[in-house]
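The primary structure of each chain is shown beneath.
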Amino acid sequence: MALLGQDRPAVSLEAAIVARRYYIDDKQKNEIADELGISRFKVARLLDEAKASGIVRISVDMPADIDLPLGEELARAFGIHRAIVVRAIEAAPDATGALIGDAAAQYLAGIVGADDVLGISWGSSLTAFVDAVTTLASAEVVQMVGGVRAAQMDVSGVELVRRLTRKTGGRAFPLHAPLLVRTATMAEELRADPSLADATGRFGRLSIALVGIGSWNPPKSSLHGEFTDAERADLEVRGAAADVCTIVFDADGQELHSPALDRAVGISAAELRAVPEVVAVAGGEEKVEAIRAALRSGIVRTLVTDSRTAESLLAR
């Protein structure tokens, strides 16, 4: 005949008291040690005892639309810090962009603090992110690249920065310059111009950068459309596969150099690589090869994408 409670290891009353103060009353270990007149090491041992006994059970409820195992597999495969994979809805493929934007908004809400400096580029995925933001700390928000022609963008980079800071109450630092100017000399002068210094001077202080990924084959990129036919052909011959901000990569993730790119006004590859957390927000079958190239570049730390795209990245 089994004794009552024999199916669970015995636990001391002291361990239960310590666990309650730590997990429910949100006390620090040193505070509990002082209150109970015991050492901090004994507090830690009693907490371990409480978990081992089963009186403390810890669970993590992930949002239902996030595929955690697939994200972990994708992050391991490409050697990035993390991949956040939202489950695509087969019956509503048009909703994928909004789902990715919402997942990015959830992630950024958890990591952005008021002291951060957040850089943002442009694109449909980042527009979906801004639309989805409901809670975000009032960090400074910096536009990292100049503006493309209005006909190619539903929402300009300047407007995106302003929309986001209207929601968060943070300060906006728009980059009032075209993405590509006539000459490399003009681009260099603009990058150093005092009128743009509020934005460009913060590139070296960014703690988080939020970027989209442009595809070159098939062409689904705002940057792709800004070049002349000859410049575009030159980059394609060099193997252009993807772009992030004003940086173009080949399929192996190697940065391409071209006189055309010297005309760009925006954050440099070196400055973007120095940002501690670069979050790429992108999805869709047509962008699989571009996303793969961007991940191989080593610039991206976190990818926010959808399950169909993640499965294609792993399958290929």
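Let me begin by describing the structure that accompanies this report. Worth saying up front: this structure is predicted, and the values here are computed from it rather than measured.

Conventions and cut-offs
- Counting starts from 1 at the beginning of each chain's written sequence and moves along it residue by residue.
- Note on the predicted model: pLDDT of at least 70 is required for a residue's local features to be given, and 80 or more for side-chain atom pairs to be given and counted; whole-chain, interface and lining totals, by contrast, use all residues.
- Note: side-chain values were computed over all heavy atoms of the structure, leaving out hydrogens and water.
- What counts as a helix is a DSSP run of H or I of at least four residues, what counts as a strand is a run of E of at least two, and both are numbered from the N terminus.
- Residue burial is assigned from relative accessible area. The probe radius is 1.4 Å, only protein chains are included, and a residue is buried under 20% of its type maximum, exposed over 50%, and partly exposed in between.
- The criterion used for residue contact is that any of the two residues' heavy atoms lie within 4.5 Å.
- Accessible areas in this description were obtained via Shrake-Rupley with a 1.4 Å probe; residue shielding takes into account the shown protein chains only.
- This count recognises Lys and Arg as positive and Asp and Glu as negative, with His and chain-terminal groups excluded.
- The location of each charge is read from NZ of Lys, CZ of Arg, CG of Asp or CD of Glu.
- When DSSP locates at least two bridges between a pair of strands, those strands are taken to pair.
- Helix axes are fitted to C-alpha atoms over the stretch in contact, other axes to C-alpha atoms as well, and angles between N-to-C directions run from 0 to 180 degrees.
- Small angles under 35 degrees read as roughly parallel and large ones over 145 as roughly antiparallel, with 65 to 115 read as roughly perpendicular and the rest as oblique.
- Helix crossings get a hand from a simple test, with the near helix turned counterclockwise from the far one by less than a right angle marking a left-handed crossing and a clockwise turn marking a right-handed one.
- Any residue that is not Ala, Val, Leu, Ile, Met, Phe, Trp, Tyr, Cys, Pro, Asp, Glu, Lys or Arg is counted as polar, Gly included; the first ten are nonpolar and the last four charged.
- Nine residue types can take part in a nonpolar core, namely buried Ala, Val, Leu, Ile, Met, Phe, Trp, Tyr and Cys, and a core is a set of them joined through side-chain atoms within 4.5 Å.

## Let's talk about the overall build of the chain
Scanning the chain from terminus to terminus reveals 13 helices and eleven strands. Seen through its C-alpha atoms, the chain measures out along the principal axes to roughly 85 × 45 × 30 Å. Taking all 316 residues of the chain together, 50% fall into the buried category. Pairs at least 24 residues apart make up 69% of the contacts formed inside the chain by residues separated by at least 6 positions. Surface exposure of the chain reaches about 15,500 Å², of which carbon and sulfur atoms provide 50%. Looking at charge distribution, the chain has the averaged site of its 34 positive side-chain charges lying 4 Å from that of its 44 negative ones.

## A few points about the sheet that holds strand 9 (residues 247-250)
Strands in a sheet are paired, the pairing made by backbone hydrogen bonds, and the direction either parallel or antiparallel. The antiparallel open sheet is built from four strands, whose spatial order is 7-6-8-9. At either end of the open sheet lies a strand with only one pairing partner, and these are strand 7 (219-220) and strand 9. In terms of strand pairing, strand 6 (residues 214-216) meets strand 7 through two bridges, oriented antiparallel. What sits directly across from Trp216, in strand 7, is Pro219. Contacts from helix 12 (residues 288-296) reach strand 6, strand 8 (240-244) and strand 9, with the element oriented near 70 degrees to strand 8.

## Side note on the sheet that holds strand 3 (residues 140-143)
Strand order in the open sheet formed by seven strands is 1-11-10-5-2-3-4, with parallel pairing between adjacent strands. Two strands lie at the open edges of the sheet, namely strand 1 (82-86) and strand 4 (172-173), each paired on one side alone. Direction of pairing for strand 5 (residues 208-211) relative to strand 10 (residues 277-281): parallel, over a ladder of four bridges. Across the sheet, the residue bridging to Val211 is Ala280, located in strand 10. Set on the sheet, helix 4 (residues 68-78) makes contact with strand 1 and strand 11 (302-306); between it and strand 1 the angle comes to about 140 degrees.

## Section: the packing of helix 12 against helix 13 (residues 307-315)
Closest axis-to-axis distance for the helix 12/helix 13 pair is 10 Å, and the angle between their directions is 70 degrees. With respect to their mutual orientation, helix 12 and helix 13 come out roughly perpendicular. Relative to helix 13, helix 12 is oriented so that their crossing is right-handed. Touching Val288, Ile291 and Arg292 of helix 12 are Thr309, Ser312 and Leu313, all from helix 13. Residues that form the contact of helix 12 with helix 13 fall into these classes: three nonpolar, two polar and one charged.

## Observations concerning the nonpolar core
The biggest cluster of nonpolar side chains holds 62 residues, and the ones touching the most others in it are Ile213 and Leu272. With residues up to four places along the chain from it excluded, the contact list for Leu272 reads Met144, Ala209, Val244, Cys245, Ile247, Ile267, Val278 and Ile299. The next biggest cluster of nonpolar side chains, apart from the first, holds 29 residues, and it includes Ala103, Ala104, Ala105 and Leu160.

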